[in-house]
Amino acid sequence: LCFRKYFLTALTLCLFWNTFGLSEAMHSKPNILLFLADDLGIGDIGCYGNNTIRTPNIDRLARGGVKLTQHIAAASLCTPSRAAFLTGRYPIRSGMASSNRYRALQWNAESGGLPLNETTFARILQQQGYTTGLIGKWHQGVNCESFNDHCHHPLSHGFDYFYGMPFTLQNTCQENKPHDLDVALQDKLWLYSQIITLAVLTLTAGKLTGLISIRWKIIVFFTLAGGLFFISWFSSYGFVQYWNCILMRNHDITEQPMKLERTASLMLKEAVSFIKRNKHGPFLLFVSFLHVHTPLFTTKKFIGKSHHGLYGDNVEEMDWMLGKILDSLDKEGLKNHTFTYFASDHGGHLEAQEGSSQLGGWNGIYKGGKGMGGWEGGIRVPGIFRWPGVLPAGTVIDEPTSLMDIYPTLVHLAGGILPQDRVIDGRNLVPLLQGRAQKSEHEFLFHYCGSYLHAVRWHEKDSGAIWKAHYMTPVFHPPGAGACYGKGICPCFGEGVTHHDPPLLFELSQDPSEAKPLSADTEPLFDTVIKKIGRAIEEHRRTLTPVPEQLSLYNILWKPWLQPCCGTFPFCWCDKEGDSTQSL
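Parameters and conventions
Residues numbered from 1 in each chain as written. Predicted model: local features only at pLDDT ≥ 70, side-chain atom pairs only at ≥ 80, totals over all residues. Heavy atoms only, no water. UniProt positions renumbered as here; feature names shortened; annotations may be inferred. Buried < 20%, exposed > 50% of the residue type's maximum accessible area, 1.4 Å probe, protein only. Helix = DSSP H or I, 4+ residues; strand = E, 2+ residues; numbered from the N terminus. Pairing = 2+ DSSP bridges. 1 Å grid on protein atoms, 1.4 Å probe; cavity = no way out; pocket = protein on both sides within 12 Å on 5 of 7 lines; lining within 4 Å. Points joined across faces, edges and corners; volume = space filled by probe spheres on them. Nonpolar A, V, L, I, M, F, W, Y, C, P; charged D, E, K, R; others polar. Phe/Tyr/Trp six-rings, centres within 6.5 Å; stacked < 30°, edge-to-face > 60°. Lys NZ or Arg CZ within 6 Å of the ring centre and 35° of its normal. Core = buried A, V, L, I, M, F, W, Y, C linked by side-chain atoms within 4.5 Å. Contact = heavy atoms within 4.5 Å. Disulfide = S-S within 2.5 Å. Axes fitted to C-alpha atoms, helices over the stretch in contact; angles between N-to-C directions.

Looking at an unreviewed UniProt entry, the protein carries the name ARSD Arylsulfatase, with the source organism given as Nycticryphes semicollaris. According to the UniProt record, the Cofactor (unreviewed entry) comment for the protein is "Ca(2+)". Its UniProt record gives the protein the following Sequence similarities (unreviewed entry) comment, quoted word for word: "Belongs to the sulfatase family."

Next comes the structure, spelled out in structure tokens:
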């Protein structure tokens, strides 16, 4: 009788926890920890099938939570993908999708960036009482009109604390590495400088001889414009390390140029410190790794440790850093009260090579890579969630999801309200992650390359089919190579792409590698599917409104008056970190 009494009491308590404890956990505001890798391929980590690069901490995260197998970036390059991640909106809606060949920010000292009228998830969580922090890469711009207006800065977009790079890693950040500023851009700047100089000389001679009637103001304007192009061209040789490779703490520059040998230690120290300072929560910490973008600077502890050269070493160092940050959660007793997420901003960079060495990632069975807006290898990324006691451990979900979904998911968890004055393209993932919903809310996903629509995915929920139509695809170089070797990155338009009419059609649940395009002869539903996707494109385009293009040719020009500078311009140099780093 006593045994029955104790058994019923235990069962009652268990049911009480399942009914009310889970509900309480869901209705309290969890801490939020976001990890975003840079240029990591989906095939580079163990839980997605890699058995030669060691990623025990990312794998541990997946075992303890939910793994998504069809997690899609909204763009295949850093700047637009991260803009979509932060805002829950396709980059074309915010002006962060380019119609020219420069699809990512090129300088710290340019005027383009994430517009102030865009509301990030950090802003909404800040309003909901969260302490918000960003550690690592930003790449969403810095200034608009002066060197310290910081209109695009993280602190202007809802983050209370920022430590990291306002820009992105480049080869020029490391000594003795070939510069990776776009050679075509350099050539174009030099050409424009010459043309404008010739025009100024001609106009001046004509004015002085009376052969041309023109105001001096116009000649002065052309002279200033030519000077700007010339300075931009000249600054691309030798000055990039000092002007792009900087570290900031909030609004202050702490290293210019940054010392790569201690950057990983500094980032780790800052992330652990943020968690410790804000352990009473709630907090949002966005750890935006500089890994695994070239030049793949890796500390001595990890050099030569992997089976995949410098790239594998860099991936394993990133995994170690992630593990240390997760350990800090455990140490502070926060693991069960923290919603944790890991992803990459887009696919691995296939064209990143140095001689015979591959410096970019592996995208598994998926075709294409970084820069390719339509092919799966450029946009299908890891997606891992963990929240012990709330999300079921060891779960795998094959439904289409997007990095844009993080926005409404976090707003829901924080008890906030989505902006009502704009289109939000992301969807709240909580029901899907918990198993309360079996299907993704996404019926269509639109895959842009810059501002050009390259492909569309249709999730036919009744049949479970996932159709994907390609309207444009990059021309690989050399033919059949699977990438644009020798070009750095594949283009989005012009002679570098092939237009398809009718579009290439694949059924991804049967052909995830996009190896066997379907046709009206081989697929009875071909015409029906193409018409359905065509109508979806028309409806989608009706929701787009014109906005200023943040990556216009003017905006991406280097502007000396916008250059963040620790010192007196152009002598920008400082080291405020000194030897403050300690081994962690």
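## With respect to the pairing of strand S15 (residues 452-459)
Burial analysis of S15 places seven of its eight residues in the buried class, the great majority of the element. Both strand S14 (residues 444-449) and S15 contribute to a ladder of six bridges, which runs antiparallel. What sits directly across from Phe444, in S15, is Trp458. Counting the residues in the hairpin turn of S14 and S15 gives two residues, including Gly450, whose phi is positive at 65°. One ladder, built from five bridges, connects S15 with strand S16 (residues 466-474); its direction is antiparallel. Bridged to Val456 within S16 is Ala469.

## What to know about empty space enclosed by the protein
Evaluation of the coordinates by the stated rule reveals six cavities of 30 Å³ or more. The computed volume of the largest cavity comes to approximately 200 Å³. Those elements that provide at least two residues to the lining of the largest cavity are strand S3 (131-137), helix H9 (260-277), strand S7 (283-288) and helix H10 (309-331). When its residues are assigned to classes, the lining of the largest cavity shows 13 nonpolar, seven polar and one charged. The wall of the second largest cavity is formed by Ala75, Ser76, Leu77, Pro80, Met96, Ala97, Ser98, Arg103, Tyr448, Cys449 and Gly450. A per-class count over the lining of the second largest cavity returns seven nonpolar, three polar and one charged.

## Concerning the packing of aromatic side chains
Applying the stated criterion across every chain, the model contains 21 aromatic pairs. Members of the aromatic cluster, joined through ring pairs, are Phe85, Phe121, Phe286, Phe339, Tyr341, Phe385 and Trp387. Over the face of the ring belonging to Tyr48 we find Lys67, whose NZ or CZ atom lies 5.0 Å from the ring centre. Directly above the aromatic system of Tyr554 lies the positively charged group of Lys559, at a separation of 4.3 Å from the ring centroid.

## Focus: the nonpolar core
If you look at the biggest cluster of nonpolar residues, it comprises 55 residues, and the most contacted ones within it are Phe35, Leu40, Leu285 and Phe342. For this core, the secondary-structure elements that each account for two or more residues are strand S1 (31-37), helix H2 (56-63), strand S4 (161-165), H9, S7 and H10. In this structure Phe342 touches Phe35, Ala37, Leu40, Ile45, Ile58, Leu61, Met318, Leu322, Pro382, Gly383 and Ile384, once residues within four positions along its chain are discounted. Leu68, Phe162, Val390 and Leu413 belong to the second largest nonpolar core, which has 48 residues in total.

## Topic: the state of the cysteines
Simply put, disulfide is the name for a covalent bond between the sulfur atoms of two cysteines. This model, assessed by the stated rule, comprises six disulfides. Sulfur-sulfur distance for the disulfide between Cys449 and Cys492 comes to 2.0 Å. One disulfide, between Cys449 and Cys492, carries an S-S torsion of -70° and so falls in the left-handed class. With Cys449 in strand S14 and Cys492 in the loop between S16 and strand S17 (497-507), this pair connects stretches of sequence that are 43 residues apart. Judged by its relative accessible area of 1%, Cys449 is buried. Take the cysteines of the protein that form disulfides and number them in order along the sequence; they join up as 1-2, 3-4, 5-8, 6-7, 9-11, 10-12. A disulfide-free cysteine, Cys78 has its sulfur positioned 13 Å from the sulfur of Cys173, the nearest such atom.

## Some points on H2
Of the residues making up H2, those classed as buried are Asn57, Ile58, Asp59, Leu61 and Ala62. Each element contacted by the buried residues of H2 is listed here: strand S2 (66-72), H10, strand S8 (338-344) and strand S11 (380-386).

## Brief notes about the sheet that holds S15
In space, the four strands of this open sheet follow the order S14-S15-S16-S17, with antiparallel pairing throughout. Every other strand in the sheet has two partners, leaving S14 and S17 as the edge strands with one partner each. Averaged over all neighbouring strand pairs, the angle between strand axes comes to 15°, with direction disregarded.

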